[in-house]
Amino acid sequence: MAMKQTKAAAVRRDPYRNFRFRLEIDGIAAAGFSEVSIGETATDIIDYREGNEFNHVRKLPGLHKFGNVTLKRGMTASLEIFQWHKLILDGATGNARRNVAMTIADESGADQARLVISNAWPAKYSVGDLNGKGNEVLIETLELANEGIERVA
């Protein structure tokens, strides 16, 4: 005797892959990043107890901390990344803050998820090692300090 299916067939939702994404810095498409690492978001915990309370402490949320975001790409003739970092070196910090959006696409290329990084600015810039016997792409790395990471889609 066959069993009846009582519930409608569930739609299968596979997780997104980590290799289809694009980056926009203040609305400008910045193609060519090969790797993006997003630091963790954490909230400090405040232990609090008043003298007339029972023998345990309450846990209250404290300050929020957003981890740095690291961007890596193959070095090209473009100076955009370095010039953004140079704003900080030159003391123009007010002009250096940017909003960065990362869009994750599914296997067909359709947009599925979006993360927005608020008020990001270059905290570190580095260029990979050079090697006369090497056979690899020269990578430039930019680490962004920020004031918020939010998933908006």
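K.L.:
Before we go on, may I ask you to explain the overall build of the protein chain in this structure?
P.N.:
Secondary structure assignment for the protein chain yields 2 helices and 10 strands. Along the protein chain, helices and strands appear, N-terminal first, in the series β-β-β-β-β-β-α-α-β-β-β-β. Relative to its length of 153 residues, the protein chain is extended, with a C-alpha radius of gyration of 22 Å against a globular reference of 15 Å. Considering only C-alpha atoms, the protein chain reaches an extent of 65 × 65 × 35 Å along its principal axes. The buried share of the protein chain, taken over its 153 residues, is 24%. The contacts in the protein chain between residues at least 6 apart in sequence include a share of 60% that link residues at least 24 apart. Only carbon and sulfur atoms are counted for the fraction: they give 52% of the accessible area of the protein chain, which is about 11,400 Å². Charge centroids of the protein chain, computed over 20 positive and 20 negative side chains, lie 6 Å from each other.

K.L.:
Would you explain the side chain of N146 in this entry?
P.N.:
Residue position: N146 is located in the loop between β9 (139-145) and β10 (149-151). Polar side-chain contacts of N146 include one of 2.9 Å to the backbone oxygen of G67. Within the structure, N146 has its side chain in polar contact with the backbone nitrogen of G148 (distance 3.1 Å).

K.L.:
What's the story with the pattern of salt bridges in this structure? I'm lost.
P.N.:
Two side chains with opposite charge may pair up if their charged atoms get near one another. Applying the stated criterion across every chain, the model contains 12 salt bridges. With a closest N to O distance of 3.8 Å, E50 and R58 form a salt bridge. Among the salt bridges present, the one from K86 reaches D90, with a minimum N-O distance of 2.9 Å. The network of salt bridges with shared partners includes E50, E53 and R58.

Conventions we followed
- Residues numbered from 1 in each chain as written.
- Predicted model: local features only at pLDDT ≥ 70, side-chain atom pairs only at ≥ 80, totals over all residues.
- Heavy atoms only, no water.
- Helix = DSSP H or I, 4+ residues; strand = E, 2+ residues; numbered from the N terminus.
- Rg over C-alpha atoms; globule rule 2.2 N^0.38 Å.
- Buried < 20%, exposed > 50% of the residue type's maximum accessible area, 1.4 Å probe, protein only.
- Contact = heavy atoms within 4.5 Å.
- Areas by Shrake-Rupley, 256 points an atom, 1.4 Å probe, with all protein chains shown as cover.
- Lys, Arg positive; Asp, Glu negative; His and termini not counted.
- Charge placed at Lys NZ, Arg CZ, Asp CG, Glu CD.
- Polar contact = N/O pair within 3.5 Å; in protein donor to acceptor, adjacent residues only side chain to side chain.
- Salt bridge = Lys/Arg side-chain N within 4 Å of Asp/Glu carboxyl O.

Such coordinate-based values are descriptive only and should not be taken to indicate function.
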